[in-house]
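For reference, the chains in residue letters:
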Amino acid sequence: MAGKYGDFYPSKWGFPKAVREGNMPSPKQFMPDYLDDPSFYERGWHTENLGDGGNFYWVTGPAGYDAGFVVTGSGVVVIDAPPTLGENLQSAIRSVTDEPVTHLIYSHWHSDHIGSASQFGPDVKIIAHDITRELLTRFPDKYRPVPTETFTTDETLDVGGTRLELSYKGADHCPGNIYIYGPAQKVLTKIDIVSPGSVTFAHADVSENISGFYQAHDDILSYDFKALIGGHISRWGTRQDVEIVREYWHDLLAFSQEALREMSSSEALQGFIVGLGRENQLVGAENWINSIANYVTEKTLTKTTSNGQTWPERLAGATVFTKYHAWTVAETTRTERTHLGYQTEGNGGPFYIA
Ligand SMILES: [Zn+2]
């Protein structure tokens, strides 16, 4: 079967194959040294101490999933347990301390970030948001035990005198996705919003609430932090990393609003949908949304940004994933944000859709 070992699965109805020659490589500043170190791939983990205080660690693995842990003096508090890191997370912890893992915090309910939680056994305290407990109760998974302690808005976790402030500010990447902040260390964990140095994975990292995804960038910046654990891609981030990707997302939003104004009038829709015949209206619908996404992609990738460079020069993955982000931002600008008006009685325009 084509595609089984990394080759592409082609289909005339599917996506075109991306090629190296057709895309920009990751900017050099995106590539830390350990990515070129064979021992990283043999060992399966890399850890660094972040911020102030010397006890807040970040861990990453070759698959590009990141987690954290805090050594308190009376036990280790682990933040997330990605299955791609799996037990290598424990190896990373043992490389700096003999203390047992006593607490595990779930950033959000997604399996790709907490799907090896069961490795810590039945005695570990698991802290998460109420919604995470609800989701894991509705959709049980032996690898993701149901949290033992949950909260609604704000919670402070004090273990051995080390304080962690947990906060929920509403749905973004998914409902129940929380902020985990060490005020002494000035380290913030907020998963699947900012992937430092990169445009992140397709469709705003497959986020459910794009207005909330945007708001999360501002909420991250409202914290006084020296280091951000974002969950991807084998990098921790600085304040400047967050400001850069925030600018990228706001370019996508502005161009989406522009494209929707241009291509969502009843006249434009007549061309896309009715023009092909009503029996082909879904072909027209695909052309309509993809034309909007193409417009946003083109404008975003060719723009000279605030530092004089283009996005492909500043952020890894820009030529690869911008088209997916453009699609998602355009579509959710249409569904989540205010629009141009509504239909007046007895005609097809002028604000057929917005
Ligand atoms: Zn997620």
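The residue numbering used here restarts from 1 in each chain and proceeds along that chain's sequence as written. With pLDDT at 70 or above as the cut-off, local features in this predicted model cover only qualifying residues; side-chain atom pairs require 80 or more to be listed or tallied, and sums for whole chains, interfaces and linings still use all residues.

- As recorded by an unreviewed UniProt entry, the protein chain carries the name MBL fold metallo-hydrolase and is attributed to Planotetraspora kaengkrachanensis.

**A look at the overall build of the protein chain**
Moving on, step 1. Segments assigned H or I by DSSP are reported as helices when at least four residues long, segments assigned E as strands when at least two residues long, and all are numbered from the N terminus. From N to C terminus, the protein chain includes eleven helices and twelve strands.
Moving on, step 2. Radius of gyration: C-alpha atoms only; globule rule: 2.2 Å multiplied by the number of residues to the exponent 0.38. In terms of C-alpha radius of gyration, the protein chain reaches 22 Å, essentially the compact-globule figure of 20 Å for 354 residues.
Moving on, step 3. Principal-axis analysis of the C-alpha atoms places the extent of the protein chain at approximately 70 × 45 × 45 Å.
Moving on, step 4. In the protein chain, which comprises 354 residues, the proportion classed as buried is 40%.
Moving on, step 5. Contact between residues is assigned whenever the C-beta positions, reconstructed from backbone atoms, fall within 7 Å. Considering only contacts in the protein chain between residues 6 or more positions apart, those separated by 24 or more positions represent 62%. With C-beta atoms placed from the backbone, a residue is buried if 20 or more other C-beta atoms are within 10 Å of its own, exposed if 12 or fewer are, and partly exposed between those counts.

**What to know about the environment of Y57**
Moving on, step 1. Turning to its location among the elements, Y57 is positioned in strand 2 (residues 56-60).
Moving on, step 2. With 26 C-beta atoms counted inside 10 Å, the residue Y57 sits in the buried group.
Moving on, step 3. Remark: the alpha-carbon pair of Y57 and I79, spanning 22 residues in sequence, is separated by 9.8 Å.
Moving on, step 4. With residues up to four places along the chain from it excluded, the contact list for Y57 reads T47, E48, N49, L50, G68, F69 and V96.

**Concerning the sheet that holds strand 9 (residues 162-167)**
Moving on, step 1. As summarised here, the arrangement of the five strands in space is 8-9-10-11-12, forming an open sheet in which the pairing is mixed. Lying at the two open borders of the sheet, with one neighbouring strand each, are strand 8 (154-159) and strand 12 (227-229). The sheet shows a mean angle of 20° between the axes of neighbouring strands, taken without regard to direction.
Moving on, step 2. Pairing analysis gives three bridges linking strand 11 (residues 187-189) to strand 12, with the strands arranged parallel. Residue pairing in the sheet places T189 in a bridge with I229 of strand 12. Strands are treated as partners if at least two bridges between them are detected by DSSP. Each axis is a line fitted through C-alpha atoms, and for a helix only the stretch in contact is used; angles between axes span 0 to 180 degrees, taken between their N-to-C directions.

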